[in-house]
Amino acid sequence: MSNLAGRLFARFQSRATTLFDALMASSDRYPWVADPRFRLTALLLVSGVFLFYTGLRMDLQSQIIFSLVVVTYALAIRRINSPVTRMTLVFLSIVLSSRYLFWRLTETFDEGNWLDYSFGFGLLIAELYAFIVLMLGYVQTIWPLHRRPVPLPEDTSSWPSVDIFIPSYNEPLDVVKPTVLAAMAIDWPADKIKVYVLDDGRRQDFREFCESVGVTHVTRTNNFHAKAGNINAALQNTTGDYVAIFDCDHIPTRSFLQVVMGWFTGYPKLAMIQTPHHFFSPDPFEKNLKTFKKVPNEGELFYGLLQDGNDFWNATFFCGSCAVIRRTQLLEVGGIAVETVTEDAHTALKLHRKGYDTAYLAVAQAAGLATESLSGHVGQRIRWARGMAQIFRMDNPLMGKGLSLGQRLCYANAMMHFFYGLPRLIFLTAPIAYLVFGANVIQASAIEIATFAIPFLILANTANSHIQGNYRHSFWNEVYETVLAWYILRPTMYALINPKAGKFNVTAKGGLIEKSYFDMKISGPYIVVLLLNLLALAFGVWRLFTEVGDEFQTTIINMAWTGYNVLLLGASVLVARESIQRREHPRGQLNIEVSVQTPDERIFRAKVLDFSMGGLGLEVEHQNRLYKDQKLFVVMPLSTRKFVLPVRVASVNGNRLGLQFDQLTQAQERDLVNATFARADVWVDSWAVSSRKLSMSSLWSIVRIGAFGNIYLLRKLPAWVWLGLKSRLSLLFKAKEKNA
């Protein structure tokens with residue numbers, strides 16, 4: 001039976017792919033396909049079908065059958081990897097979402113008291129927000145462009161000049177050093193590239209380092225407008241045709257400019273090209289939940305899918321680092337924007353308003369450090385949220401001149417996204433209104449709610465899961481939003497009222513966490529929400545014994561919703577459990593052959609497992625004579641030559657050695673950076689490596705993490721409470737075993 005189903009599925013997949021290929025090819029064979037009149041007719045036809053099914057009145061039984069058919073069809077085709085599948089799922093999701101919203105607006109506010117209306121309107125506002133963001137997201141990602149590199153002219157004398165800007169304020173020199181050394185190694189004609197360290201901290205050790213390696217150390221007498229002002233000041237004193245900007249912890253590869261610059265050739269309207277921000281260290285979610293390289297982080301969705309989707313609409317955002325901007329066009333818009341604290345996105349918006357193009361190249365050509373602690377991560381997101389709200393208020397992309405409809409929608413979605421604070425808190429507390437206060441936030445029977453809401457949620461999840469693939473696992477965005485909702489609510493609301501308030505805050509990088517601890521200050525708000533949900537569950541249990549009929553079913557639905565919230569909040573609690581970060585130099589992955597040499601010139605072949613500026617992890621062949629604290633030399637390849645680094649064996653585990661560099665000279669540090677961080681291929685295999693997961697598998701991960709989070713919180717209770725609870729549960733299980 002399973003073989004038959006497999007053959008049928010394969011045949012169906014093949015037919016769907018053939019159909020799509022035929023549709024694409026038909027645009028070449030039949031010019032009328034590209035005719036705007038044909039496209040308008042097709043659009044009107046699809047819109048007509050959409051409006052018909054959205055507004056179609058059905059009785060409950062018909063609605064159940066309709067939903068079952070749509071959901072079954074969507075689940076059947078979801079594994080077919082084709083643009084036709086993507087657009088079909090999006091269309092079906094829009095139909096069911098619109099039907100749900102139409103039903104909410106027309107049939108769920110017929111009667112009720114002031115309490116019902118108060119909570120009901122609050123939930124409706126949150127749902128309207130979610131609907132708008134869902135629609136904008138579909139527009140943004142409907143056709144990722146997947147731009148590829150373009151070769152440069154063979155004549156290097158025709159290549160333009162480029163200034164490399166590395167802004168810094170208070171980061172340690174050890175964090176900035178590899179970036180500077182790697183920037184110096186970028187393969188570009190020597191007379192056409194200059195490296196500038198823009199030191200807003202005006203530090204003497206930075207000046208001495210820059211002078212010793214031969215790059216320009218730039219300072220100014222003030223810190224006006226933070227990073228944006230720092231770059232703008234440097235623009236006044238430099239002359240390169242293009243400006244490449246790297247955050248001080250983003251280490252470029254040698255091939256960066258050769259991969260990126262080809263797109264500027266013969267494309268005078270192109271003002272900026274952005275590449276991914278790839279992080280080789282785990283962010284607080286990955287570190288504290290132990291999901292590094294198993295579950296995609298926030299950045300992978302943005303740089304793996306959203307920016308490619310923006311590129312289709314000529315709406316690529318400048319992200320402040322790992323990008324190249326044409327100087328003339330940057331100066332034409334007044335340099336880097338200083339009116340908001342998200343100067344990068346605002347600069348791209350200004351370029352788009354002037355009619356210039358931007359591009360995105362999804363090839364990781366630099367890598368940096370993620371934020372180490374949850375508090376640092378929250379601080380960074382607060383700045384992003386405040387900045388986006390400032391742009392929304394001061395330079396709203398939906399208004400003003402110069403933007404196409406696609407660009408307006410992409411920018412609008414980026415800004416709307418950061419207003420999720422209030423809707424997320426409403427979703428986290430809405431079922432409490434019924435369980436505790438008896439408020440009917442949706443004035444409908446339990447079966448009606450389930451019939452309209454569950455299919456819409458399944459389709460939205462299925463469509464997004466298909467679109468996002470291995471760039472985002474289902475349900476994880478809810479964990480991210482739950483952690484941050486409280487913190488971005490206030491700055492976004494305040495920025496809407498007073499957009500000029502607030503200042504740029506620097507994100508700390510390169511720090512250590514000496515001791516594991518629980519960040520009670522950061523987790524406080526969602527612990528309060530968690531306790532409210534637990535209280536609501538207790539009320540729900542009481543209602544189960546007192547309610548009958550439809551009220552009983554409504555209680556079940558609200559308890560299930562509350563239970564899901566408890567798991568999300570439990571996962572959020574676990575994120576605040578800061579793990580130890582003792583490694584001064586985070587390690588990246590690398591697979592190259594090296595050799596290990598002892599002082600008496602015995603040589604062992606080895607493979608590099610990981611690397612950092614502090615040491616190497618090696619797998620050594622036939623090793624049984626190397627021991628801890630032994631001093632050795634590692635011979636590493638670098639282009640056509642080899643170089644030697646002194647090391648000390650820090651750990652031995654079978655064939656695996658942990659090596660620590662032994663007082664490298666500046667020249668050796670430069671060789672090390674060139675042979676590791678600056679390799680053209682170093683980040684290729686570490687970009688978007690998480691495997692794709694089905695929604696239920698991802699949901700199970702959230703359930704387990706959420707349960708662990710709640711248990712972890714229980715362990716934080718006074719010992720007598722925890723031990724008493726543990727004892728009672730143990731007695732309960734023993735009694736059940738005895739009865740069995």
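Position numbers for residues count from 1 along each chain, tracking the sequence in the order it is written. It should be noted that, the model being predicted, local features are given only for residues of pLDDT at least 70 and side-chain atom pairs only at 80 or more, the latter also being counted only at that level, while totals for whole chains, interfaces and linings use all residues. Each side-chain value is worked out from all heavy atoms of the structure, with water and hydrogens disregarded.

The chain goes by Cellulose synthase catalytic subunit [UDP-forming] in an unreviewed UniProt entry, where it is assigned to Limnobacter thiooxidans. UniProt positions are given in the numbering used here, feature names are shortened, and annotations may be inferred rather than shown by experiment. UniProt, in its Function (unreviewed entry) section for the chain, records the words "Catalytic subunit of cellulose synthase. It polymerizes uridine 5'-diphosphate glucose to cellulose." The chain has a UniProt comment under Cofactor (unreviewed entry) that states "Mg(2+)".

Helix and strand counts for the chain stand at 23 helices and 19 strands. Only protein chains enter the area calculation, which uses a 1.4 Å probe; residues under 20% of their type maximum are buried, those over 50% are exposed, and those in between are partly exposed. Considering the chain as a whole, with its 740 residues, one finds that 54% of them fall into the buried category. Here the chain has roughly 34300 Å² of accessible surface; of this, 61% comes from carbon and sulfur atoms. Secondary structure is summarised from DSSP: a helix means a run of H or I of at least four residues, a strand means a run of E of at least two, and numbering begins at the N terminus for each. Here the Shrake-Rupley method, with its probe set to 1.4 Å, supplies the accessible areas, and only the displayed protein chains count as covering residues.

Before going further, it helps to spend a moment on the pairing of strand β2 (residues 193-199). Across the seven residues of β2, six count as buried, placing the element largely inside the fold. As paired elements, strand β1 (residues 162-168) and β2 share seven bridges and run parallel to each other. Bridge assignment links Ile 166 to a residue of β2, and that residue is Val 197. Looking down the strands as they point away from the viewer, one classifies a crossover as right-handed if the path from the first strand across the helix to the second runs clockwise. Once you follow β1 into helix α6 (residues 173-184) and on to β2, the crossover reads as right-handed. For two strands to pair, DSSP has to find at least two bridges joining them. By the bridge criterion, three bridges tie β2 to strand β3 (residues 216-218) in an arrangement that is parallel. Note on β3: the bridge partner recorded for Val 197 is His 217.

Right, let's talk about helix α15 (residues 405-417) for a bit. Multiplying 1.5 Å by the helix residue count minus one yields the expected span of that helix. If you check α15, its first and last C-alpha atoms are 18 Å apart, about what 13 residues at 1.5 Å a residue would give, namely 18 Å. When α15 is considered as a whole, its buried residues turn out to be Gly 406, Gln 407, Arg 408, Cys 410, Tyr 411, Ala 412, Asn 413, Ala 414, Met 415 and Met 416. Whether two residues are in contact is decided by their heavy atoms, any of which lying within 4.5 Å being enough. Against the buried residues of α15 lie α5 (114-141), α11 (298-312), α13 (343-353) and α14 (374-394).

Moving on: unusual backbone geometry. Peptide bonds are mostly trans, and most non-glycine residues show a negative phi. For Lys 293, which is not a glycine, the phi torsion comes out positive at approximately 65°. As for its position among the elements, Lys 293 is in the loop between α10 (284-289) and α11. A residue is classified by how much of its surface remains accessible, and Lys 293, at 30% relative accessible area, is partly exposed. Even without being glycine, Gln 663 reaches a positive phi, approximately 50°. Among the structural elements, Gln 663 can be located in the loop between β19 (656-661) and α21 (666-675).

Here the focus is the confidence of the model for the chain. Here the chain averages 87 in pLDDT, while 90% of its residues score no lower than 70. The least confident element of the chain, judged by mean pLDDT, is helix α1 (residues 2-29) at 58; the most confident is strand β8 (residues 323-326) at 98. pLDDT expresses how confident the predictor is about each individual residue, on a scale running from 0 to 100.

Of all hydrophobic cores here, the largest spans 77 residues; its most connected members are Ile 164, Trp 188, Leu 257, Met 261, Val 324, Leu 618 and Met 636. The dominant element in this core, judged by the number of residues it contributes, is α6, at seven residues. Apart from residues lying up to four places away in sequence, Trp 188 is in contact with Leu 152, Trp 159, Pro 160, Val 162, Ile 193, Leu 257, Gln 258 and Met 261. With 74 residues, the next largest nonpolar core counts Val 243, Trp 476, Ala 576 and Tyr 712 among its residues. Nonpolar cores are built from buried Ala, Val, Leu, Ile, Met, Phe, Trp, Tyr and Cys residues. Side-chain atoms within 4.5 Å join them into one set.

The subject of this paragraph is the packing of aromatic side chains. In this analysis, rings of Phe, Tyr and Trp, with Trp reduced to its six-membered ring, are considered paired at centre separations within 6.5 Å, and the interplanar angle assigns stacked below 30 degrees, edge-to-face beyond 60, and tilted for intermediate values. On inspection of all chains with the given rule, the structure shows 23 aromatic pairs. Plain terms: the ring middles of Phe 109 and Phe 121 are 4.9 Å apart, the flat faces sit at 15° to each other, and that makes the pair stacked. Taken together, the residues Phe 109 in the loop between α4 (83-107) and α5 and Phe 121 in helix α5 connect sequence positions twelve residues apart. Its relative accessible area of 17% is what places Phe 109 among the buried residues. Following the ring pairs from residue to residue traces out a cluster consisting of Tyr 100, Trp 103, Phe 452 and Phe 456. As a reminder, the over-ring test applies to NZ of lysine and CZ of arginine, requiring each to be within 6 Å of the ring centre and within 35 degrees of the ring normal. Over the face of the ring belonging to Tyr 434 we find Arg 543, whose NZ or CZ atom lies 5.1 Å from the ring centre.

What follows concerns the environment of Ser 82. One can find Ser 82 in the loop between α3 (60-77) and α4. With a relative accessible area of 5%, Ser 82 lands in the buried category. Sequence separation of Ser 82 and His 466 is 384 residues, and the distance between their C-alpha atoms is 9.7 Å.

With that settled, the discussion passes to the sheet that holds strand β4 (residues 242-245). Either a parallel or an antiparallel arrangement is found when strands of a sheet pair, and the pairing is made through backbone hydrogen bonds. The seven strands lie next to each other as β3-β2-β1-β4-β8-β6-β9, forming an open sheet whose pairing is mixed. With partners counted over all chains shown, the strands left at the sheet margins are β3 and β9 (357-360), one partner each. Taking the axes of each pair of neighbouring strands and ignoring which way they run, one obtains an average angle of 25° across the sheet. Pairing of strand β6 (residues 270-274) with β8 involves three bridges; the strand directions are antiparallel. Residue pairing for β8: Gln 274 is matched across the bridge by Ala 323. Lines fitted to C-alpha atoms define the axes here, with helix axes fitted over just the stretch in contact, and angles between the N-to-C directions of these axes take values from 0 to 180 degrees. Along the sheet, α6 contacts β1 and β2; its crossing angle with β1, the most-contacted strand, is approximately 180°.

Below, the discussion takes up the environment of Trp 687. Following the sequence through the fold, Trp 687 ends up in the loop between α21 and α22 (695-715). You can call Trp 687 buried: its relative accessible area is 17%. Between the C-alpha atoms of Trp 687 and Phe 279, which are 408 residues apart in sequence, the distance is 9.2 Å.

Along the chain, Asp 249 turns up in the loop between β4 and β5 (251-252). Asp 249 gets classed as buried once you look at its relative accessible area, which sits at 5%. For the pair Asp 249 and Ile 166, spaced 83 residues apart in sequence, the C-alpha to C-alpha distance is 9.0 Å. Nitrogen and oxygen atoms within 3.5 Å of one another constitute a polar contact, given that in protein one can donate a hydrogen and the other can accept it, and given that sequence-neighbouring residues count only through two side-chain atoms. A polar atom in the side chain of Asp 249 sits 2.8 Å from the backbone nitrogen of Leu 369.

One way to put it is that α3 packs onto α4 with a least axis distance of 10 Å and a crossing angle of 155°. When the axes of α3 and α4 are compared, the pair comes out roughly antiparallel. Here the hand of the crossing between α3 and α4 comes out left-handed. Between α3 and α4, the residues in contact are Gln 63, Phe 66, Val 70, Val 71, Tyr 73, Ala 74 and Ile 77 and Thr 85, Thr 88, Leu 89, Leu 92, Val 95, Leu 96 and Arg 99, respectively. Three residue categories are used. Nonpolar comprises Ala, Val, Leu, Ile, Met, Phe, Trp, Tyr, Cys and Pro, charged comprises Asp, Glu, Lys and Arg, and polar comprises the others, including Gly. Counted by class, the contact of α3 with α4 contains ten nonpolar, three polar and one charged residues. Here roughly perpendicular refers to angles of 65 to 115 degrees, roughly parallel to angles under 35, roughly antiparallel to angles over 145, and oblique to all remaining angles. In this scheme, a crossing is called left-handed if the near helix is turned counterclockwise away from the far one by less than a right angle; it is called right-handed if the turn is clockwise.

Looking at the element boundaries, Thr 253 is found in the loop between β5 and α9 (256-260). Since its relative accessible area comes to 0%, Thr 253 is described here as buried. Residues contacting Thr 253, with those up to four places away along its chain left out, are Ile 186, Gln 365, Ala 366, Phe 677, Ala 678, Arg 679, Ala 680, Val 682 and Trp 683.

Time to look at α3. Counted at 1.5 Å a residue, the expected span for α3 with its 18 residues is 26 Å, and the 26 Å between its end C-alpha atoms agrees. Considered for burial, the residues of α3 that qualify are Gln 63, Phe 66, Ser 67, Val 70, Val 71, Ala 74 and Ile 77. Along α3, the residues classed as buried sweep out an arc of 140° about the axis, all on the same side. For α3, the exposed residues set more than 90 degrees away from the buried face come down to Gln 61, Leu 68, Val 69 and Thr 72. In this description, one arc is meant: the one made by directions from the helix axis to the C-beta atoms.

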